[in-house]
Amino acid sequence: MSAFPEVVELNVGGTHYAVSVKTLLAEEGSWLQDTFGGGSPPPDLLVDASGHYFIDRDGGLFRHVLDYLRDPARYTVPIGFLERDQLRREAEYYRLPGLVEVLGKQVPGCITVGYRGSFQFGRDGLADVKFRKITRLLVHGRVALCREVFGDTLNESRDPDHGGSDRYTARFFLKHVFIEQAFDMLQEQGFRLVGSCGSGTAGSVSENLKPGVDTEENRWNHYNEFVFVRD
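Rules used in this analysis
Residues numbered from 1 in each chain as written. Predicted model: local features only at pLDDT ≥ 70, side-chain atom pairs only at ≥ 80, totals over all residues. Heavy atoms only, no water. Pairing = 2+ DSSP bridges. Helix = DSSP H or I, 4+ residues; strand = E, 2+ residues; numbered from the N terminus. Contact = heavy atoms within 4.5 Å. Axes fitted to C-alpha atoms, helices over the stretch in contact; angles between N-to-C directions. Core = buried A, V, L, I, M, F, W, Y, C linked by side-chain atoms within 4.5 Å. Buried < 20%, exposed > 50% of the residue type's maximum accessible area, 1.4 Å probe, protein only. Arc of directions from axis to C-beta. Disulfide = S-S within 2.5 Å. Salt bridge = Lys/Arg side-chain N within 4 Å of Asp/Glu carboxyl O. Phe/Tyr/Trp six-rings, centres within 6.5 Å; stacked < 30°, edge-to-face > 60°.

K.L.:
Mind showing me how you'd approach the sheet that holds strand β3 (residues 46–47) here?
P.N.:
To summarise the sheet geometry, strands pair through backbone hydrogen bonds and adopt either a parallel or an antiparallel arrangement. Taken in spatial order, the four strands line up as β2-β1-β4-β3 in an open sheet, and their pairing is mixed. The sheet is open, and its two edges are formed by β2 (15–20) and β3, each paired on a single side. Across three bridges, the pairing between strand β1 (residues 7–12) and strand β4 (residues 53–55) is parallel. Along β4, the bridge assignment pairs N11 with F54. Packed on one face of the sheet, helix α3 (residues 62–70) meets β1 and β2 and runs near 10° to β2.

K.L.:
Looking at this structure, I do not really get the nonpolar core. What am I missing?
P.N.:
Burial of nonpolar side chains together is a common tendency in soluble globular proteins. One finds L10, L32, F36, F62, V65 and Y94 to be the most contacted residues of the largest nonpolar core, which totals 30 residues. In terms of residue count, the dominant contributor to this core is α3 (five residues). Grouped together as the second largest cluster of nonpolar side chains are 21 residues, L137, V149, F191 and F228 included.

K.L.:
Would you explain helix α6 (residues 143–150) in this entry?
P.N.:
Each α-helix winds once per 3.6 residues, and so residues spaced three or four apart point in a common direction. The element α6 is extensively covered by neighbouring structure, given that seven of its eight residues are classed as buried. Three or more residues of α6 are buried, namely V143, A144, L145, C146, E148, V149 and F150. One or two positions beyond α6, positive phi appears at G151, with a value near 55°.

K.L.:
Would you take a moment to explain the pairing of β2 for this structure?
P.N.:
As a general feature of sheets, a regular strand has side chains that alternate between the two faces. When β1 meets β2, the two strands line up antiparallel, connected through six bridges. Note on β2: the bridge partner recorded for V12 is T15. Following β1, the chain reverses through two residues before pairing antiparallel with β2; G13 in that reversal takes a positive phi of roughly 55°.

K.L.:
What is the right way to read helix α4 (residues 84–93) from this model?
P.N.:
When α4 is considered as a whole, its buried residues turn out to be R84, L87, E90 and A91. Buried residues in α4, looked at end-on, bunch into an arc of 120°, giving them a common side. Check the buried side of α4 and you find it contacts α3 and α5 (97–104).

K.L.:
Would you take a moment to explain the state of the cysteines for this structure?
P.N.:
For the structure on display, the rule yields zero disulfides. For C110, which is in no disulfide, the shortest distance to another cysteine sulfur is to C146 and amounts to 9.5 Å. A relative accessible area of 0% places C146 in the buried class.

K.L.:
Where do I start with the pattern of salt bridges in this structure?
P.N.:
A side chain of one charge can pair with a side chain of the opposite charge when the charged atoms of the two come close. What the rule picks out here adds up to nine salt bridges. Where R57 meets E90, a salt bridge forms, and the shortest distance between an N and an O atom there is 2.9 Å. One end of the pair, R57, is in the loop between β4 and α3; the other, E90, is in helix α4, and 33 residues separate them in sequence. Accessibility expressed as a relative area gives 25% for R57, which makes it partly exposed. Overall, E90 belongs to the buried group, its relative accessible area being 8%. For D85, the salt bridge goes to R88, with nearest N and O atoms at 2.8 Å. Here R88 and D85 lie together in helix α4, a separation of three residues that amounts to about one turn.

K.L.:
Can you help me understand the packing of aromatic side chains in this one?
P.N.:
Two measures describe an aromatic ring pair: the distance that separates the ring centres and the angle between the ring planes. Under the criterion given, the structure shown has twelve aromatic pairs. When the ring of F183 is compared with that of F226, the centres are 5.2 Å apart and the planes differ by 70°; the resulting orientation is edge-to-face. Here the residue F183 occupies a position in helix α7 (residues 179–188), and F226 occupies one in strand β10 (residues 222–230), the gap between them amounting to 43 residues. On the numbers, 5.3 Å between centres and 50° between planes, the contact of F183 with F228 is tilted. Remark: F228 occurs in strand β10 and F183 occurs in helix α7; sequence separation between them is 45 residues. Of the residues examined, F183 reaches a relative accessible area of 24% and is grouped as partly exposed. Of the aromatic side chains, those joined through ring pairs into one cluster are Y17, W31, F62, Y93 and Y94.

In structure tokens, the structure reads:
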């Protein structure tokens, strides 16, 4: 029999929770069961000034721990959740292998990366191709997946719809123009390249160009897209 009342007052890293002892004991062999399932409180269990049992862990992420314990079979990671690794560490600390397994499963989906650019030429024209010039890296896909993969490098300023993260958009772009960096980030998140396409244009030298745009460079504009999938 547990020595704790049916409702336990907790202070987890400064965040207050009121939770039933039944929920705390739901996972066999967990740290929470060992701590709150005995005949008396463990000697190392701290109590704060308000009389709440204190757990020196991440208070915000503990909400997800409780959500899992209340219904392990139906728990899913929230869409667009960006603290998966941090929550996995919390799950390992509390010895919740079921939650660790859920966090190891990645949400499937598709992301398309596109860029519009040109070849930068030297003063001698076509004979001296210097480098590929990319003006912007575009990102299309489900908002939650794009945020998960690209994080702070994702620029959402041109996306007019700020609704739910489960929607799709074709208006994101990256804050940098290093396409290999974008590919690395996709690979790190388990995406693989499944297709690509490109198109090119040969502009006329007589076109009215913006100031600073090289005539030869404008003749070789191109657009490319790369489709990545995570199963």
